[in-house]
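Read off the chains here:
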Amino acid sequence: TKRKETKRSSGQWNTRYIFAFLPLASFLFTTPTPPIDTKLFLSHSPLLYSFFPILSAFESHKKKEKDMAMAMAAGYGQIPFDEEMQKSFRPPPPFHDGAGDGDHHILKPYKKSNRLVSLDAFRGLCVFLMIVVDYGGSVFPIIAHSPWNGLHLADFVMPFFLFVVGISIALVYKKAPNRPEATWKAVGRAAKLFLLGILLQGGFLHGLNSLTYGVDLERIRLLGILQRISIGYIVGALCEIWLSRRTRREVGILKSYYLHWFAAFAIIAVYLGLLYGLYVPDWQFFVPGEGYSDLPLDAHEYTASRMQVKCSVRGDVGPACNSAGMIDRFVLGINHLYAKPVYKNLKECNISSDKVVPESAPSWCHAPFDPEGLLSSLTAAVTCLIGLQYGHVLAHLQDHKGRLENWCGFSVAFLVLGLFLALLGFPINKPLYSISYMLITSATAGITFCALYLLVDIYGYRWLTLPLEWMGKHALSIFIIVSSNLAVIVIQGFYWKSPENN
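Residues numbered from 1 in each chain as written. Predicted model: local features only at pLDDT ≥ 70, side-chain atom pairs only at ≥ 80, totals over all residues. Heavy atoms only, no water.

Examining the pattern of salt bridges
So, point 1. Under the definition given, this model contains seven salt bridges.
So, point 2. Across the salt bridge formed by K430 and E372, the nearest N and O atoms sit 3.1 Å from each other. Note that K430 is positioned in the loop between α15 (400–424) and α16 (435–458) and E372 in the loop between α13 (323–331) and α14 (374–396), a separation of 58 residues in sequence. Like E372, K430 is buried.
So, point 3. Between E469 and K473 there is a salt bridge; the shortest N-O distance is 3.4 Å. Here E469 and its partner K473 are both found in helix α17 (residues 466–473), four residues apart, which amounts to about one turn of the helix.
So, point 4. Residue classification places E469 among the buried residues on the basis of a relative accessible area of 4%.
So, point 5. Overlapping salt bridges, with partners in common, bring together R221, D370, E372 and K430 in one network. (Salt bridge = Lys/Arg side-chain N within 4 Å of Asp/Glu carboxyl O. Helix = DSSP H or I, 4+ residues; strand = E, 2+ residues; numbered from the N terminus. Buried < 20%, exposed > 50% of the residue type's maximum accessible area, 1.4 Å probe, protein only.)

Shown next as structure tokens:
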């Protein structure tokens, strides 16, 4: 029977519209009297923005209840877990209302969405962790990035993003009959993401306490988070488009994509050869002084302090004399690197509470270093290739049990191998994106994805991850608005009577 959907009454509010007033409410109520305390607003902003996915999740939950009622009317029921592990969900036969042989009224079965909910939830988890460590890292240093060797909560965010990008590539380019056209599309997407990263993290926007913008092209940062993701994306996409063995008959997953593993091993070999094989000589740099940016280029070296770093070593993996930094300084230029590397928090640098490195600290404590550099981007791309293999399992295996067995096998193998390499002396290092770090974080991402898949797509507890699912569907928008501080900067542009009250 055909049923007409009832239209939403004009007086009923959509929860999405409620969120439109939250920034204004936060602006008015974070401090009772002017001037507005920006730091207090920032301390409340993560909690504030968390209300939107909660409200949206509540609305989605109400819609889900209505859809479930339609599904039960169409003949759907709960499928036992043991049976569900052996096969994917299949729609039931059409439901007859039994009105008689001559009156065959058939109620169409409820169509279940083919979108993988756990993938959106995992992507949303990455965004949520990014927000937590960005806003909470200064309050709880234990969750912020490790200064050099070691693993903190923030060190899992980038590998998780690259991992989920790899899974998505396997689904997007599962069928690519026109390889050149697919290649151009992949290159275009990667280029857009790379340029967006330069705009957001290159220094064009001047942060929370300044409404100005613009950056000196001599000192613009060329690499960053989105740039690294774009590099991993293009490597994974090219491997999927050109190195996949597509045949008419069904073959094993490993046999179909063995060239992907060869590409991963080749990238790792190049990484190890450059990291441990290159000779790093002594090097020097200039620390800008007052009025440095206002002087002509030929006067910079006379107004800045000259710093010398003694190296003359090969295979060093410390913050001062590693070959990754040398490659970035040679290819990109030291002025285009990240000016506030996290290794300044090491005990040797003796950084003060206001983030100032004293002159008595070692010279390398004053030097720029990019944690998203060129050499470390090689192993970061391998993380994307590992996620690509998890996506192949998802695309080719239809039963949940087979998927989980393959994913768990990959994860355990990577975890054991990563821990073994760490015991052999290969450091777990995020700025260098070491091999042990890459394997351990990829294994952790795989285990986390298995848990979400089991919880959401098999057991059906989707309501637990509805906020994460919403964040995963809008991951790039949330990154731009929240992580890059655009929302806060926009809010700061409004003031009450006087600009000092913003």
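A short note on unusual backbone geometry
So, point 1. Not every positive phi belongs to a glycine, and S312 is a case in point at roughly 50 degrees.
So, point 2. Of note in the backbone geometry, Y433 takes a positive phi value of approximately 50 degrees without being a glycine.
So, point 3. Inspection of the secondary structure puts Y433 in the loop between α15 and α16.
So, point 4. Look at Y433 and you get buried, because its relative accessible area is 0%.

As for α13
So, point 1. Across the nine residues that make up α13, a large majority, seven, are buried.
So, point 2. For α13, the full list of buried residues reads S323, A324, G325, M326, I327, D328 and R329.
So, point 3. The elements touched by buried residues of α13 are α11 (258–277), β3 (279–280), β4 (283–287) and α14.
So, point 4. The backbone nitrogen of A324 lies 3.3 Å from a side-chain oxygen of the residue at the head of α13, namely N322.
So, point 5. Of the residues trailing α13, G333 is marked for its positive phi of about 100 degrees. (Contact = heavy atoms within 4.5 Å. Polar contact = N/O pair within 3.5 Å; in protein donor to acceptor, adjacent residues only side chain to side chain.)

Section: the nonpolar core
So, point 1. Of all hydrophobic cores here, the largest spans 103 residues; its most connected members are F122 and W407.
So, point 2. Contacts of W407, omitting those with residues within four sequence positions, involve Y390, V393, L394, F449, C450 and Y453. (Core = buried A, V, L, I, M, F, W, Y, C linked by side-chain atoms within 4.5 Å.)

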